Amino acid sequence: MLPPFESNSKPGTTLTVLREPSGTWGVAICKDMDFTPLSRQYGEAGTGLMLVPAWDFVLDRWEHGHIAVMRGVEGGFSIARAASRAI
């Protein structure tokens, strides 16, 4: 969690998976996509689409966006990533 912005939040411990008529959707936040094991778990769960809200900083926004795309390739799912820009 990013202090002080997320200090009041509690990190999750399970995958968030939604079974929809169009397929299985996963939900994760921007930094989650930096971790290969988590993405692999979503892929193994049959996720076809990852919904990834993000809060990017100017200096690292390009990196996080590209990493998320790579995690989709690795995990075998599509990424729908909407990013807000921070300082």
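Quick caveat, the model's predicted, so the values are computed rather than measured.

Thresholds, definitions, all that
Residues numbered from 1 in each chain as written. Predicted model: local features only at pLDDT ≥ 70, side-chain atom pairs only at ≥ 80, totals over all residues. Heavy atoms only, no water. Helix = DSSP H or I, 4+ residues; strand = E, 2+ residues; numbered from the N terminus. Rg over C-alpha atoms; globule rule 2.2 N^0.38 Å. Buried < 20%, exposed > 50% of the residue type's maximum accessible area, 1.4 Å probe, protein only. Lys, Arg positive; Asp, Glu negative; His and termini not counted. Charge placed at Lys NZ, Arg CZ, Asp CG, Glu CD. Axes fitted to C-alpha atoms, helices over the stretch in contact; angles between N-to-C directions. Parallel < 35°, antiparallel > 145°, perpendicular 65-115°, else oblique. Left-handed = near helix turned anticlockwise from the far one by under 90°. Contact = heavy atoms within 4.5 Å. Nonpolar A, V, L, I, M, F, W, Y, C, P; charged D, E, K, R; others polar. Core = buried A, V, L, I, M, F, W, Y, C linked by side-chain atoms within 4.5 Å. Expected span 1.5 Å × (residues − 1). Arc of directions from axis to C-beta.

### A word on the overall build of the protein
Each helix and strand in the protein was counted, giving two helices and four strands. A compact globule built from 87 residues should have a C-alpha radius of gyration of about 12 Å, and the protein, at 13 Å, falls within 12% of that. Referenced to the eigenvectors of the C-alpha coordinate spread, the extents of the protein come out at roughly 35 × 25 × 25 Å. Considering the protein as a whole, with its 87 residues, one finds that 26% of them fall into the buried category. One finds the centroid of the 8 positive side-chain charges in the protein at a distance of 1 Å from the centroid of its 9 negative side-chain charges.

### Quick word on the packing of helix α1 (residues 36-44) against helix α2 (residues 61-75)
Relative to each other, α1 and α2 sit at 45°, their axes nearing to 9 Å. One finds that α1 runs oblique with respect to α2. For the element pair α1 and α2, the recorded crossing hand is right-handed. Each of Thr36, Ser39 and Gly43 in α1 lies in contact with α2, whose residues at this interface are Arg71, Glu74 and Gly75. For the contact of α1 with α2, the residue count by class is no nonpolar, four polar and two charged.

### Overview of the nonpolar core
A general trend in soluble globular proteins is that nonpolar side chains are found buried together. In this structure, Ala28, Met33, Tyr42, Met50, Val52, Ala68 and Phe77 together form the largest nonpolar core, which totals seven residues. Residues contacting tyrosine 42, with those up to four places away along its chain left out, are Leu15, Thr16, Val17, Gly26, Val27, Ala28, Thr47, Met50 and Phe77.

### Some points on α2
Helix length check: α2, at 15 residues, gives a terminal C-alpha distance of 21 Å against a target of 21 Å (1.5 Å per residue), a fit within 8%. Within α2 the residues assigned to the buried category are His64, Gly65, Ile67, Ala68, Arg71, Gly72 and Gly75. Down the axis of α2, the buried side of the element spans an arc of 165°, and every buried residue falls inside it. Opposite the buried face of α2, at more than 90 degrees from it, the exposed residues are Trp62, His66, Val69 and Val73. Glycine 76 lies just past α2 and shows a positive phi near 80°.

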